[in-house]
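Spelled out from the first residue to the last, the chains are:
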Amino acid sequence: KTKDIEHKTAKKQDEEQALTVKNKDLEGTQKELDAALAYFDKLKPSCLDAGVSYEDRVSRRKEEVESLQEALRILNGEDLA
C-alpha cells in the first residue's frame, strides 16, 4: 500500500511540474500573440481600405502593368524606330 501511495505522489508531482511548464509556455505564447495582434492593428489601416475602390485599384494596376511592359519592350530594343 505504501508503494501505491509513493507512486501516486510521484505521479502527482510530475503532473504538477508538467502543468507549471505548460502554464509558462502558455504565458509566453500569449505575450507573443498579444504583440502580433498589436502589430496587426497598427498595420491594418494601411493594408485595408485606403479609400480607393476596387475598380480604381484594378485600373491603376492594369496601367502599371502596361507601362512596365512598354518599358521592357524599350529596354529590349523593340520600339526603337
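Everything below is about the structure printed above this text.
Keep in mind the model is a prediction, meaning the values are calculated, not measured.

A.B. asks: Residues and numbers for the overall build of the protein, please.
C.D. replies: Assigned secondary structure in the protein consists of 2 helices and 0 strands. With respect to the principal axes defined by its C-alpha atoms, the protein has extents near 100 × 35 × 15 Å. Evaluated residue by residue, the protein yields a buried proportion of 1% over its 81 residues. Of note, the protein has its 15 positive side-chain charges centred 11 Å away from the centre of its 19 negative side-chain charges.

A.B. asks: I'd like a rundown of helix 1 (residues 2-47), residues and numbers included.
C.D. replies: Compared with the 68 Å implied by 1.5 Å per residue over 46 residues, the 65 Å span of helix 1 between its first and last C-alpha is a close match. Largest kink in helix 1: about 30°, centred on D41, with the proline P45 one to four residues after it.

A.B. asks: Hey, could you go over the pattern of salt bridges for me, with residue numbers and the actual values?
C.D. replies: All told, the structure shown has 4 salt bridges when counted by the stated rule. In this structure, D4 engages K8 in a salt bridge whose closest nitrogen and oxygen atoms are separated by 3.8 Å. Here K8 and D4 lie together in helix 1, a separation of 4 residues that amounts to about one turn. According to the relative accessible area criterion, D4 is partly exposed, its value standing at 41%.

A.B. asks: Could you give me a rundown of helix 2 (residues 54-75), with the residues and numbers involved?
C.D. replies: The terminal C-alpha atoms of helix 2 lie 31 Å apart, and with 22 residues this matches the ideal 32 Å at 1.5 Å per residue to within 8%. Looking one or two residues past helix 2, G77 carries a phi angle of roughly 80°, positive in sign.

A.B. asks: Can you tell me about the environment of E55, naming the residues and giving the values?
C.D. replies: Note that E55 resides in helix 2. Judged by its relative accessible area of 56%, E55 is exposed. In sequence terms E55 and G77 are 22 residues apart; their C-alpha atoms lie 33 Å from each other.

Parameters and conventions
Residues numbered from 1 in each chain as written. Predicted model: local features only at pLDDT ≥ 70, side-chain atom pairs only at ≥ 80, totals over all residues. Heavy atoms only, no water. Helix = DSSP H or I, 4+ residues; strand = E, 2+ residues; numbered from the N terminus. Buried < 20%, exposed > 50% of the residue type's maximum accessible area, 1.4 Å probe, protein only. Lys, Arg positive; Asp, Glu negative; His and termini not counted. Charge placed at Lys NZ, Arg CZ, Asp CG, Glu CD. Expected span 1.5 Å × (residues − 1). Bend = angle between axes of the 7 residues up to and from the residue. Salt bridge = Lys/Arg side-chain N within 4 Å of Asp/Glu carboxyl O.

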